[in-house]
Amino acid sequence: MSARPDLFDHLEEGPMPGGCNFCDAYLTAEVPFRGVYLVHVHHDDRCPVLRSRAAGSN
Ligand SMILES: [Zn+2]
């Protein structure tokens, strides 16, 4: 049907667990433009990765 990776087919149906090895993160997809897919990783509030990012840049 399409050349998109399977990942995006799943994400379009809703949040999908994964994206981080350190917390119960989940993934969501956004399609701002046709053919452009943005994947967001939503980290748990206690995620060490998220904390380190919040403390520094980004
Ligand atoms: Zn995380």
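Preceding this section is the structure that the text describes.
Predicted, not measured: the structure shown is a model, and the values here were computed from it.

Conventions we followed
- Residues numbered from 1 in each chain as written.
- Predicted model: local features only at pLDDT ≥ 70, side-chain atom pairs only at ≥ 80, totals over all residues.
- Helix = DSSP H or I, 4+ residues; strand = E, 2+ residues; numbered from the N terminus.
- Buried ≥ 20, exposed ≤ 12 C-beta atoms within 10 Å, placed from the backbone.
- Contact = placed C-beta atoms within 7 Å.
- Pairing = 2+ DSSP bridges.

Visitor: I would appreciate a short explanation of the overall build of the protein chain in the present structure.
Guide: Within the protein chain one finds 2 helices and 3 strands. Each helix and strand of the protein chain, placed in order from N terminus to C terminus, yields the pattern α-β-β-β-α. Going through the 58 residues of the protein chain one by one, you find that 3% of them count as buried. Counting contacts in the protein chain only where the partners sit at least 6 residues apart, residues at least 24 apart contribute 15% of the total.

Visitor: I'm lost on the sheet that holds strand β1 (residues 16-17) in this one. Help?
Guide: Hydrogen bonding along the main chain pairs the strands of a sheet, whether they run parallel or antiparallel. The 3 strands lie next to each other as β1-β2-β3, forming an open sheet whose pairing is antiparallel. Since the sheet does not close on itself, it has two edges, and those belong to β1 and β3 (36-42), each with one partner. The pairing of strand β2 (residues 26-33) with β3 spans 6 bridges and is antiparallel. For E30, the partnering residue across the bridge sits in β3 and is L38.

Visitor: Sorry if this is basic, but what is going on with the environment of F22 here?
Guide: One can find F22 in the loop between β1 and β2. On the neighbour-count criterion, F22 (14 C-beta atoms within 10 Å) is partly exposed. If we skip the residues at most four places from it in the chain, F22 touches C47, P48 and V49.

Visitor: Explanation requested: the environment of V41 in the structure shown.
Guide: Its place among the elements puts V41 in strand β3. A tally of 15 C-beta atoms within 10 Å means that V41 is categorised as partly exposed. Separated by 26 residues in sequence, V41 and P15 place their C-alpha atoms 9.7 Å apart. Beyond its immediate chain neighbours, meaning those up to four positions away, V41 contacts G19, C20, A25 and L27.

Visitor: I tried to follow the environment of R46 on my own but got confused; where do I start?
Guide: Within the secondary structure, R46 is located in the loop between β3 and α2 (48-55). Note on R46: 10 C-beta atoms within 10 Å, which makes it exposed. For the pair R46 and F22, spaced 24 residues apart in sequence, the C-alpha separation works out to 9.3 Å.

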